[in-house]
Amino acid sequence: MTGLVDPRTWSPCRLCPRQCGVDRAASRVGYCGAGDWLQVFRSGPHAGEEPPISGERGSGTIFFSRCTLRCCYCQNHPWSQDGQGAEWTEEDLVRELTRLRETGCHNWNLVSPTPWWPAILPALERVRAGGRIPVVCNTSGYERPEMVAALAGAVEVYLTDLRYARPETAGAASDAADYVAVSRMALKAMWREAGPLELDEAGMARRGTICRILILPGHAGEAVESLEWVAREIGTDLAISLMAQYTPAYRACAMPPWNRGITMREYRQVTEAMEALGFSLGWIQEFGGPPPDGLLGHTMPAGPAGSAPVSGG
Ligand code: SF4
C-alpha cells in the first residue's frame, strides 16, 4: 500500500489501494474494470449533497462509471459495478465542466473519480484557466494516502466515507477487508491536505474535509467505533455527516441483515454516541426521512428540512 503514485498514469495502474498494476493503455483492465477511455454515467447540477456542497444553485456533479469497491448494497451498481456509462473524450469533459461552472454550480463534484484521474487532471487544468470553483473529491474513502498527497492543489474539498470499523464486515459487504486500515489512513491524509471545513461568506465549502458515516443495518456499533476513532485520532472539529438513509439495493436485498433498513434503536445508538463524543460541526440525517432518489446514493436531502446541524460541542 505504500510507495509513490503518479496520478497521471494508468499504465501501469496503481491509482487505488488494489494496485492491480495492469497496463490499461494496452487494453488490460483491473479489478474496477476501467479501461483506457473515460466513462461517465451522468452529470448535472445536484441538490442532494450536504448544504455547503449543494447550496442554492446545486453542486456540479459528474458520476463517473466504475468503482474500486463492490458493495453488496450499492444503489449505483448499474454504472459502478455493471459498467454502464458513455465514453467521453477530454474535450467532452472540458465542455461539461465549463457548462456546470457557467450554470452557476458552486463546485465541481467528482463522484468516484479515482480510476480516472489521469483523464480528469488535464481537463481540470484547462477549464480552471477560465475560472475556478472548488473541486470536491466525492469518494468511498478507499484511497491510497499517497494519492491524496499527490492530488494537492487539484482537490479543495474531500467528501469521504468511513463505512466500516471491522475488516470482516468490509470484506463481506464491499470485498475490501483492508478498507478499515486504508480508509483511516486516507482520512488522516485528507485532513493533512485539506484540513477542517472552511466556508465562504455565502456558507459554501471553500476547502476542507467532510466525513460521511452511513449507519448500516446490524452494524451500528461500527459507526460508533468510527466516530470514536475520529474523535481520538483526528478530533471533533472534523465535519461529520451522519446518514440514516440506508436502503437495501442490489445483492443486499437477499442478504440479511443488509436486506432491511436501520431501526430506531440503531439510529439512537449512533446519534447518542455522536453527541456524547462532542462533535461540533456537521449534520445528522433524520430517521425515516424521505427516501433518496435513484441517483443520490450515499447522500442526504439538502437543507434544514432534511438534515439537522449538530448542536453539540
Ligand atoms: S483503479 Fe482500477 S485498475 Fe487501477 S489499481 Fe484500482 S482497481 Fe486496479
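A short tour of the structure in this document, coming up. Keep in mind that what you see is a predicted model, and the values were worked out from it rather than measured.

1. A few points about the packing of helix 8 (residues 220-233) against helix 9 (residues 264-277)
So, step 1. Close contact between helix 8 and helix 9 brings their axes to 9 Å; oriented N to C, the two are set at 10°. By the criterion of interaxial angle, the relationship of helix 8 to helix 9 is roughly parallel. Contact residues: A220, A223, V224, L227, E228 and A231 in helix 8; E266, Q269, V270, A273, M274 and L277 in helix 9.
So, step 2. Split into classes, the residues belonging to the contact of helix 8 with helix 9 amount to 9 nonpolar, 1 polar and 2 charged.

2. Topic: the pairing of strand 2 (residues 59-64)
So, step 1. For strand 2, the buried fraction is high: 6 of the 6 residues fall into the buried class.
So, step 2. Where burial is concerned, the two faces of strand 2 agree: the one with S59, T61 and F63 and the one with G60, I62 and F64 are both buried.
So, step 3. By the bridge criterion, 6 bridges tie strand 1 (residues 38-46) to strand 2 in an arrangement that is antiparallel. By the bridge assignment, H46 is partnered in strand 2 with S59.
So, step 4. Pairing of strand 2 with strand 4 (residues 108-111), which is carried by 4 bridges, proceeds in the parallel orientation. Bridging across to strand 4, T61 finds its partner in N109.

3. Examining the nonpolar core
So, step 1. Among the nonpolar cores identified, the biggest contains 93 residues, and L110, C211, I213, I215 and V270 are the most heavily contacted of them.
So, step 2. Ignoring any residue separated from it by four or fewer positions in sequence, one finds I215 in contact with A220, A223, M243, A244, Y246, I262, E266, Y267 and V270.

4. So, the site of the ligand
So, step 1. Neighbouring the ligand are 15 residues, the closest being C13, C16, C20, G30 and C32.
So, step 2. When grouped by side-chain class, the residues that make up the shell around the ligand number 9 nonpolar, 4 polar and 2 charged.

5. As for the environment of V29
So, step 1. With respect to the helices, strands and loops of the structure, V29 is situated in the segment before strand 1.
So, step 2. The partly exposed category is assigned to V29, around which 15 C-beta atoms lie within 10 Å.
So, step 3. Along the sequence, V29 and W116 sit 87 residues apart, while their C-alpha atoms lie 13 Å from each other.

6. Remarks on unusual backbone geometry
So, step 1. With omega at 5°, the peptide bond leading from S11 into P12 counts as cis.
So, step 2. Mapped onto the elements, P12 comes out in the segment before strand 1.
So, step 3. Cis rather than trans, the peptide bond between P256 and P257 has omega equal to 0°.
So, step 4. Relative to the helices and strands, P257 is located in the loop between strand 9 (239-243) and helix 9.
So, step 5. Here the phi dihedral of D175 falls at roughly 55°; this positive angle occurs in a residue that is not glycine.
So, step 6. With respect to the secondary-structure elements, D175 resides in the loop between helix 6 (167-174) and helix 7 (179-194).
So, step 7. Not every positive phi belongs to a glycine, and Y250 is a case in point at roughly 55°.
So, step 8. Relative to the assigned elements, Y250 resides in the loop between strand 9 and helix 9.

7. Quick notes on helix 6
So, step 1. Buried within helix 6 we find A170, A173 and S174. All buried residues of helix 6 lie within an arc of 85° about the axis, which places them on one face of the element.
So, step 2. Buried residues along helix 6 sit against helix 7.
So, step 3. Directly beyond the C-terminal end of helix 6, a positive phi value near 55° is found at D175.

The rules behind each value
Residues numbered from 1 in each chain as written. Predicted model: local features only at pLDDT ≥ 70, side-chain atom pairs only at ≥ 80, totals over all residues. Axes fitted to C-alpha atoms, helices over the stretch in contact; angles between N-to-C directions. Helix = DSSP H or I, 4+ residues; strand = E, 2+ residues; numbered from the N terminus. Parallel < 35°, antiparallel > 145°, perpendicular 65-115°, else oblique. Contact = placed C-beta atoms within 7 Å. Nonpolar A, V, L, I, M, F, W, Y, C, P; charged D, E, K, R; others polar. Buried ≥ 20, exposed ≤ 12 C-beta atoms within 10 Å, placed from the backbone. Pairing = 2+ DSSP bridges. Core = buried A, V, L, I, M, F, W, Y, C linked by C-beta atoms within 7 Å. Near = placed C-beta within 6 Å. Arc of directions from axis to C-beta.

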